[in-house]
Amino acid sequence: MLYPIFDHSLLPRFHSLDQQMDLRAFLLFLFLSLLLLGYNGVEGVRELLEIEDMEFEKQLKLLNKPAVKTIETEYGDTYDCVDFYKQPAFDHPLLKNHSFHFQMKPTLSLKRNKDQVSSRVRESAHIELKGGGCPVGTVPIRRITKEDLIRERNASKLMSFADNTIGAHYAVARTRPGLNKFNGAGARLSLHNPRVSARQYSASRFILRNGNDAIQAGWRVDPTLYGDTRTRRFIRLDTGQSHCFNTRCPGFVQVRSDILLDLVYEQVSKRGGQTYETPLFIDRDLVNGNWWLLVGETNIEVGFWPRRIFSGLADLASYAEWGGEVFYPPGTPTPVMGSGFCLVGNTKYDAFLRNVEVINAAGKNINVYKLQTFVDDTRKYGVVDLEQTKLGHLVLYGGPPYSS
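What counts and what doesn't
- Residues numbered from 1 in each chain as written.
- Predicted model: local features only at pLDDT ≥ 70, side-chain atom pairs only at ≥ 80, totals over all residues.
- Heavy atoms only, no water.
- Helix = DSSP H or I, 4+ residues; strand = E, 2+ residues; numbered from the N terminus.
- Buried < 20%, exposed > 50% of the residue type's maximum accessible area, 1.4 Å probe, protein only.
- Contact = heavy atoms within 4.5 Å.
- Areas by Shrake-Rupley, 256 points an atom, 1.4 Å probe, with all protein chains shown as cover.
- Polar contact = N/O pair within 3.5 Å; in protein donor to acceptor, adjacent residues only side chain to side chain.
- Pairing = 2+ DSSP bridges.
- Axes fitted to C-alpha atoms, helices over the stretch in contact; angles between N-to-C directions.
- 1 Å grid on protein atoms, 1.4 Å probe; cavity = no way out; pocket = protein on both sides within 12 Å on 5 of 7 lines; lining within 4 Å.
- Points joined across faces, edges and corners; volume = space filled by probe spheres on them.
- Nonpolar A, V, L, I, M, F, W, Y, C, P; charged D, E, K, R; others polar.
- Disulfide = S-S within 2.5 Å.

If you look the protein chain up in an unreviewed UniProt entry, it shows as Neprosin PEP catalytic domain-containing protein from Rhododendron griersonianum.

Given below as structure tokens:
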């Protein structure tokens, strides 16, 4: 602890004994005051840290539900097998009285045909839970740690997730304004591992929106969210007071006990070599209006966003978007998007979303025509929309971290 050093020559001269005693008493008082002030300062910091720790513990208790079983992945993630009825989704005030159950299945209007593309494009292997997953009647929820909360708190001072966030950049193809009515959307997303640093992210995703409500699915490399730079699947919800990834706020109801929502993709594309992809779709239940997440070649039904938590998406979606997104704090180097290179118009080299589709108001799976392309920084990133190719409707996107 440091204390001020006094220049005694600046003090007045006292000649009498009483005056000298008064001076000594004053200096003693001043010294004790400084000592007390320093002590209180340290104690004040300690109290703030204790309050912060108590707040973190409160959040962790809310986020991490009691586990029937705990499973660790080879990457060090811990997943708690949580009773279906105790999962975070049901903390939502609009889901307190529900009739949902873990054997729920959606009523969808279509079955997608198996993709007929050469072996050059393959579905990536990914990390699932050991031993077949969680017990029946439970769902796997990634355990949140204090370190996760600290990273996110620090990042929240720099960014939000609004479309106009300073530092966020986009290269996307999107539906044009009009009387759009969509029961779903999706694509097959090529997988990459773009280089990012702390507090940055790089992602590929598609979005469905109506008014202020939006849901999205894709993959991202995001050290703030996950604490590493692996390529992981994600979903996001924005409605009312809920704005979060995966199960970090109430809303998304998981039904599968063996599928991880935020899994790690083990295989990613090598530019000029083997291309890996992941099929992702969001389809609306035609009976009750719930929005279901479907993954993989066989359209596995992982879970759903209930219709009752929405206002705009309580109806059909009016907007859809496909492409890439990055974020970096002001004053830091820009991250790469997609494959990390300028577009050359070839899926062997470019990041892409293919078989881009929507489900119309009649429940039919259709190619969506005349998309509008948007890039907010054409010096760094690019996007190309190709409606008719051997790979179906194709959106190419990406770019390097510099003008090229």
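Caption draft 1: Looking closely at the overall build of the protein chain. The number of helices and strands found in the protein chain is three helices and 20 strands. Taken across its 404 residues, the protein chain has 50% of its residues classed as buried. Partitioning the contacts of the protein chain with sequence separation of at least 6, the portion at a separation of at least 24 is 72%. As displayed, the protein chain has an accessible area near 20,000 Å², and 55% of this comes from carbon and sulfur atoms.

Caption draft 2: Layout of the environment of Val 358. On the secondary structure map, Val 358 appears in strand β16 (residues 351–360). As a C-alpha pair, Val 358 and Lys 181 span 177 residues in sequence and 9.5 Å in three-dimensional space.

Caption draft 3: Region of interest: the side chain of Ser 339. Relative to the elements of secondary structure, Ser 339 occurs in the loop between β15 (319–327) and β16. Of the polar contacts made by the side chain of Ser 339, one reaches the backbone oxygen of Tyr 349; its length is 3.1 Å. Not counting residues up to four positions away in its chain, the partners in contact with Ser 339 are His 192, Arg 271, Tyr 349, Asp 350 and Ala 351.

Caption draft 4: Looking closely at the sheet that holds strand β4 (residues 138–142). Ordered in space as β1-β2-β4, the three strands form an open sheet in which the pairing is antiparallel. With one partner strand each, in any of the chains shown, β1 (69–72) and β4 form the two edges of the open sheet. Averaged over all neighbouring strand pairs, the angle between strand axes comes to 30 degrees, with direction disregarded. With five bridges joining them, strand β2 (residues 78–83) and β4 adopt antiparallel strand pairing.

Caption draft 5: View of empty space enclosed by the protein. Applying the stated criterion to the full structure yields one cavity of 30 Å³ or more. Looking at the largest cavity, it is lined by 18 residues, and the ones nearest its centre are Arg 142, Asn 246, Thr 247, Arg 248 and Asp 262. Looking at the lining of the largest cavity, the elements with two or more residues in it are β4 and α3 (223–226). Sort the elements by how many residues they give to the lining of the largest cavity and β4 lands first, with three residues. Grouping the amino acids of the lining of the largest cavity by side-chain chemistry returns eleven nonpolar, four polar and three charged.

Caption draft 6: Seen up close, the environment of Asp 228. If you trace the backbone, Asp 228 turns up in the loop between α3 and β9 (232–239). For Asp 228 and Tyr 75, which are 153 residues apart along the polypeptide, the C-alpha to C-alpha distance reads 9.7 Å. Excluding anything up to four places from it in sequence, Asp 228 contacts Asp 222 and Pro 223. Polar side-chain contacts of Asp 228 include one of 3.0 Å to the side chain of Arg 230.

Caption draft 7: Region of interest: the state of the cysteines. What the rule picks out here adds up to two disulfides. One disulfide bridge connects Cys 81 with Cys 134, the sulfur atoms lying 2.1 Å from each other. Of note, the bridge from Cys 81 to Cys 134 carries an S-S torsion of about -75 degrees and is left-handed in sense. Of this pair, Cys 81 sits in strand β2 while Cys 134 sits in the loop between β3 (121–123) and β4, placing them 53 residues apart in sequence. On the basis of relative accessible area, Cys 134 is assigned to the buried category, the value being 5%. The disulfide partner of Cys 244 is Cys 249, and the S-S distance across this bridge is 2.0 Å.

Caption draft 8: Quick peek at the sheet that holds β15. Taking strand neighbours across the sheet as the criterion, the seven strands line up as β10-β9-β8-β7-β15-β5-β18 in an open arrangement whose pairing is antiparallel. Edge strands, defined here as strands with exactly one partner in the open sheet, are β10 (242–245) and β18 (372–375). Taking each pair of neighbouring strands and ignoring which way they run, the sheet shows an average axis angle of 15 degrees. Where β9 and β10 come together, four bridges link them in antiparallel fashion. Across the sheet, Arg 236 pairs through a bridge with Phe 245, a residue of β10.

Caption draft 9: Here's a closer look at the side chain of Asn 64. Structurally, Asn 64 can be placed in the loop between α1 (17–63) and β1. In this structure the side chain of Asn 64 is engaged in a polar contact, spanning 2.8 Å, whose partner is the backbone oxygen of Ile 144. The residues touching Asn 64, leaving out its near neighbours within four places in the chain, are Arg 142, Arg 143 and Ile 144.

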